[in-house]
Amino acid sequence: MLVLGIESSCDETAAAVIKDGREILSSIISSQIDLHKPFGGVVPELASREHLEKIEPVVREALQQASIGFNDLDGIAVTRGPGLIGSLLVGVCYAKALAFGLNIPLIGVNHIEGHVFSVIFENPEIQFPALALIVSGGHTNLFFVPEPGQYKVVSRTRDDAAGEAFDKVAKMLGLEYPGGPVIEQIARSGDPKKIKFTRAKISDGRPDFSFSGLKTAVSKHLRENSIAPVIPGEDPSSDLRDLAASFQASVVDALIRTTEKQAIELGARTLIVAGGVASNNALREACSSIGNRLQIPVYFPSRHLSTDNAAMIGAAGYFHLQRGESADLRMTADVGMRLQNLDSPDAELKRQKVRYRL
Ligand code: KG4
Ligand code: ZN
């Protein structure tokens, strides 16, 4: 079965052809990073106009690289949400028109579920229950996944997403957008123990994340120590490198503490770590250590599948189409689409314990 995946929720126009849900025949990504760089972040209006320009050629290239024609497709999967409305609408309208024209099933995919599926291409079968840490520029969530397609949010961010914190701190340090990769690069030659940032406390005791306090602490540290931002073309000072390394260590520490605790409490048999921030090596190493301590496998997507792509959307779409689900032409973009179809991880866990005899 050949599924065309389409992704246009933020600043990547992407299309991919997926065979039988696990094999990538092609994956084309047209990134808008250079377009948005001068503004230090994604400009929604520019993003949707660019998607409009790119969607057609990107889909054609995906078919060409997979050596197939439109008539070979068995289904179309498109990101429905969450994301930027103008950007989402370009992909959704294009997919609807194509599915209608070809008379094949259409499925609307949750972008975050797409990130969960990004690990299935290069890893063994997932053992359930699993715990999925999805960390990107727009989202930071920990999901309990008792079986394929079932999700319960265990932790969410109360304010900024982890990737957003990387992007905002990079801007403060005078670094380019997107901030994650540049911070990681300069953090390599910095001391992660140099600055001790206080860990955010969630007053109601929920296992949630919070990164905006850390961002404020970085800004305060810059001001109080009169550290100047990077001058374009010059190497960052050692103060800046230490700050980047300490900030990164702080984000990683916050993410893994909660993840490990929840993995133990919920008896996870696999840890999935995906989303743009999952390309960060410090985070990967820390998550691998959790796997070693708990004796469970930790699955990451390969790097080109960590940031937004359409292969993960095609894989998630295939899964739903196989279950007999499909959308009709009334489907539209859903900016705030949630990924949660379970009530309580505890109740689910009890059922799972019976099923798996844990
Ligand atoms: O998944 P993604 O491509 O888009 C969203 O769905 O948001 O994630 C992009 C985010 C950006 O905030 C970027 O700074 C961050 O992922 N990112 C990283 C790294 N590479 C990308 N953050 C930390 N370290 C990295 N190496
Ligand atoms: Zn994403």
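Rules behind the numbers
Residues numbered from 1 in each chain as written. Chains lettered and ligands numbered in written order. Predicted model: local features only at pLDDT ≥ 70, side-chain atom pairs only at ≥ 80, totals over all residues. Heavy atoms only, no water. Donors = N, O, S within 2.8 Å, 3.2 Å for Na, K, Ca; no water. Tetrahedral: all angles 85-135°; square planar, octahedral: opposite > 155°, others 65-115°. Helix = DSSP H or I, 4+ residues; strand = E, 2+ residues; numbered from the N terminus. Buried < 20%, exposed > 50% of the residue type's maximum accessible area, 1.4 Å probe, protein only. Domains from an automatic or database assignment. Contact = heavy atoms within 4.5 Å. Buried area = accessible area lost by both parts, 1.4 Å probe. Salt bridge = Lys/Arg side-chain N within 4 Å of Asp/Glu carboxyl O. Polar contact = N/O pair within 3.5 Å; in protein donor to acceptor, adjacent residues only side chain to side chain. Nonpolar A, V, L, I, M, F, W, Y, C, P; charged D, E, K, R; others polar. Phe/Tyr/Trp six-rings, centres within 6.5 Å; stacked < 30°, edge-to-face > 60°. Patch = residues over 30% accessible without salt bridge, like charges linked within 9 Å, V, L, I, M, F, W, Y side chains within 5 Å. Areas by Shrake-Rupley, 256 points an atom, 1.4 Å probe, with all protein chains shown as cover. Lys, Arg positive; Asp, Glu negative; His and termini not counted. Charge placed at Lys NZ, Arg CZ, Asp CG, Glu CD. Pairing = 2+ DSSP bridges. Axes fitted to C-alpha atoms, helices over the stretch in contact; angles between N-to-C directions. Near = heavy atom within 4 Å. 1 Å grid on protein atoms, 1.4 Å probe; cavity = no way out; pocket = protein on both sides within 12 Å on 5 of 7 lines; lining within 4 Å. Sits in = over half its atoms within 2 Å of the grid points.

I'd like a rundown of the coordination of the zinc ion (ligand 2), residues and numbers included.
Any two of four tetrahedral donors ideally make an angle of 109.5 degrees at the metal, while pairs among six octahedral donors ideally make 90 or 180 degrees. Looking at the zinc ion (ligand 2), the protein donor atoms are H111 (NE2), H115 (NE2) and D308 (OD), and they sit 2.0 to 2.1 Å from it. In this structure, the zinc ion (ligand 2) is coordinated by four donor atoms arranged in irregular fashion, with angles at the metal of 94 to 144°. In primary-sequence terms, the residues that donate to the zinc ion (ligand 2) follow H-x3-H-x192-D. Taken as a pair, H111 in helix α4 (residues 111-117) and D308 in the loop between β10 (298-299) and α10 (311-322) lie far apart in primary sequence, 197 residues in all. Residue H111 is classed as buried on the basis of its relative accessible area, which comes to 2%.

Let's hear about the domain arrangement of the chain: which residues, and what values?
Accessible area lost on assembly of the parts is the figure often given for the size of an interface. As far as domains go, the chain holds domain 1 (2-117 + 304-322) and domain 2 (130-300). The straight-line distance from the C-alpha centre of domain 1 to that of domain 2 is 27 Å. Taken together, the contact between domain 1 and domain 2 spans 17 residues of the former and 19 residues of the latter. Approximately 1,400 Å² of surface area, both sides summed, lies buried where domain 1 meets domain 2, with 69% of it carried by carbon and sulfur atoms. Interface area lost by domain 1 to domain 2 is led by I112, V116 and S306, which between them contribute 36%. For the pair domain 1 and domain 2, the number of links is one salt bridge. The salt bridge partner of E176 is K37, with a shortest N-O separation of 3.3 Å. Counting every contact that joins domain 1 to domain 2 gives five residue pairs in polar contact (both at pLDDT 80 or more). Sorting elements by how many residues they give to the side of domain 1 that touches domain 2 places α4 first, with six residues. Looking at the side of domain 1 that touches domain 2, its residues break down into eight nonpolar, six polar and three charged.

Got a sec to walk through the packing of aromatic side chains? Specific residues and values, please.
Overall, the coordinates contain four aromatic pairs when judged by the stated rule. A centroid spacing of 5.3 Å and a plane angle of 45° characterise the contact between F117 and F319, whose relative ring orientation is tilted. Of the two residues, F117 is situated in helix α4 and F319 in helix α10; the sequence distance between them amounts to 202 residues. For F117, a relative accessible area of 10% puts it in the buried group. Between the aromatic rings of F209 and F211, the centroid separation amounts to 6.3 Å while the plane-to-plane angle is 15°, which identifies the pairing as stacked. There is no split in this pair, since F209 and F211 are both buried.

An account of a negative patch on the surface is needed here, citing residue identities and associated values.
Among the surface-exposed residues, D20, E23, D72 and D74 lie close enough to one another that they form a single negatively charged patch. One can find D72 in the loop between α2 (44-65) and β4 (75-81). Given a relative accessible area of 39%, D72 falls into the partly exposed group.

Would you mind going over the sheet that holds strand β7 (residues 140-145) in detail, with residue names and values included?
Either a parallel or an antiparallel arrangement is found when strands of a sheet pair, and the pairing is made through backbone hydrogen bonds. The strand order across the open sheet built from five strands is β8-β7-β6-β9-β10, with neighbouring strands paired in mixed fashion. Looking at the sheet topology across the chains shown, the edges are occupied by β8 (152-156) and β10. Each of β6 (130-135), β7, β8 and β9 (270-274) touches helix α8 (residues 238-266); the most contacted strand, β6, lies at about 160° to it.

So what's going on with the site of ligand 1? Which residues, and what values?
Looking at ligand 1, there are 19 residues lining it, with G137, D167, G180, E184 and N280 nearest. Between ligand 1 and the protein, one listed contact pairs an oxygen atom with a side-chain N or O atom of H115 at 3.3 Å. Note that an oxygen atom of ligand 1 is positioned 3.4 Å from one of the side-chain N or O atoms of S136. Isolated, ligand 1 exposes 560 Å² of accessible area, and the fraction of that covered by the protein chains is 91%. According to the grid-proximity analysis, the pocket containing ligand 1 is the largest pocket.

For the pattern of salt bridges, give the residues involved together with the corresponding values.
Oppositely charged side chains can pair when the atoms bearing their charge come close. Counted under the stated rule, the structure contains 20 salt bridges. D208 serves as the salt-bridge partner of R158, at 2.6 Å between the closest nitrogen and oxygen. Of this pair, R158 sits in the loop between β8 and α5 (162-172) while D208 sits in the loop between α6 (179-187) and α7 (212-224), and the two are 50 residues apart along the sequence. Relative accessible area serves as the criterion here: at 41%, R158 is assigned to the partly exposed category. Overall, D208 belongs to the buried group, its relative accessible area being 8%. In this structure, D242 and K194 form a salt bridge, with 3.4 Å as the shortest nitrogen-oxygen distance. Of this pair, D242 sits in helix α8 while K194 sits in the loop between α6 and α7; the two residues are 48 residues apart in sequence, bridging distant segments of the chain. For D242, a relative accessible area of 9% puts it in the buried group. One salt-bridge network, in which partners are shared between bridges, spans R158, D204, R206 and D208.

With reference to specific residues and values, describe the side chain of N110.
If you trace the backbone, N110 turns up in strand β5 (residues 106-110). What makes N110 buried here is its relative accessible area of 4%.

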